[in-house]
Amino acid sequence: MIAAVLALSLLLQDSRGAVSGQLRTIDGVPAVNVRVVMIPAPTGGNTVDDGLNYFEPYFELPPDHTLTDNDGNFRLQEVVPGRYFLLADAAGLGQGTYYPDSTSMKGAEVITVQAGFEVDHLDFQLKVRLGGKVSGKVKASMVSLGPRTATITGGKLEDLLEVPVRADGSFTFGHLPPGK
């Protein structure tokens, strides 16, 4: 039984691909805690120019998404092989920057993900500002508390956002969409 589960797990892993890269802000510094999503691209002869009768972007539940780390790096793994657009946005509304340097799908590059391979060095820079920054400080001894994270949700955020609390108690959420 365990061998069958392990074999199925290895088969599923080999049937998926990955993408990775680094995202920078409009000012050229690492974009921290920015949502990066893979959006299915049209297949066959259909393109974004054909209109929504032939191509409907799917923003509500993208097939894979992640948040950039403190150095702006991202990695999406377990991506089903196929054709995708790569989008960096804060609110999950499909508004932001498409790889490599467009604010719309028309200028986006289609990324083809193959099973068992990683498409790396998908480095790009935001074309728009993605909202504000929220920071604060925990007024307690972090030595006593140990490693902690700060969490924020609500408004137009689709997921909980978590950032590490530093040893001095400070934390920062970058690029939050407008809202409560």
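As a reminder, the structure under discussion sits directly above these lines.
None of the values given here were measured: they were computed from a predicted structure. (Residues numbered from 1 in each chain as written. Predicted model: local features only at pLDDT ≥ 70, side-chain atom pairs only at ≥ 80, totals over all residues. Heavy atoms only, no water.)

Chemist: With reference to specific residues and values, describe the side chain of S102.
Modeler: Tracing the backbone through its elements, the reader meets S102 in the loop between β6 (97-98) and β7 (111-113). Using a relative accessible area of 11% as the deciding quantity, one classes S102 as buried. Setting aside chain neighbours within four positions, we find S102 in contact with G96, T97, G107, A108 and K127. (Helix = DSSP H or I, 4+ residues; strand = E, 2+ residues; numbered from the N terminus. Buried < 20%, exposed > 50% of the residue type's maximum accessible area, 1.4 Å probe, protein only. Contact = heavy atoms within 4.5 Å.)

Chemist: Please provide a residue-by-residue account of the nonpolar core, values included.
Modeler: By size, the foremost hydrophobic cluster in this structure holds 19 residues, and its most contacted members are L23, M38, L76 and L86. Mapped onto this core, the elements with two or more residues apiece are β1 (17-24), β2 (35-40), β4 (73-79), β5 (82-89) and β7. Apart from the residues lying within four places of it in its own chain, the contact partners of L76 are G17, A18, V19, V36, M38, D64, H65, T66 and L86. (Core = buried A, V, L, I, M, F, W, Y, C linked by side-chain atoms within 4.5 Å.)

Chemist: I'd love a proper account of the pattern of salt bridges, names of residues and values included.
Modeler: Counted by the stated rule, this structure contains two salt bridges. Between R35 and D89 there is a salt bridge whose closest N-O contact spans 3.1 Å. Linking R35 in strand β2 with D89 in strand β5, this pair joins segments that are 54 residues apart in sequence. Per residue, the accessibility class of R35 equals that of D89, and both read buried. Put simply, E118 and R75 hold a salt bridge, and the shortest N to O gap is 2.9 Å. In this pair, E118 sits in strand β8 (residues 118-119) while R75 sits in strand β4, placing the two residues 43 residues apart along the sequence. Under the relative-accessibility criterion, E118 is labelled partly exposed at 35%. (Salt bridge = Lys/Arg side-chain N within 4 Å of Asp/Glu carboxyl O.)

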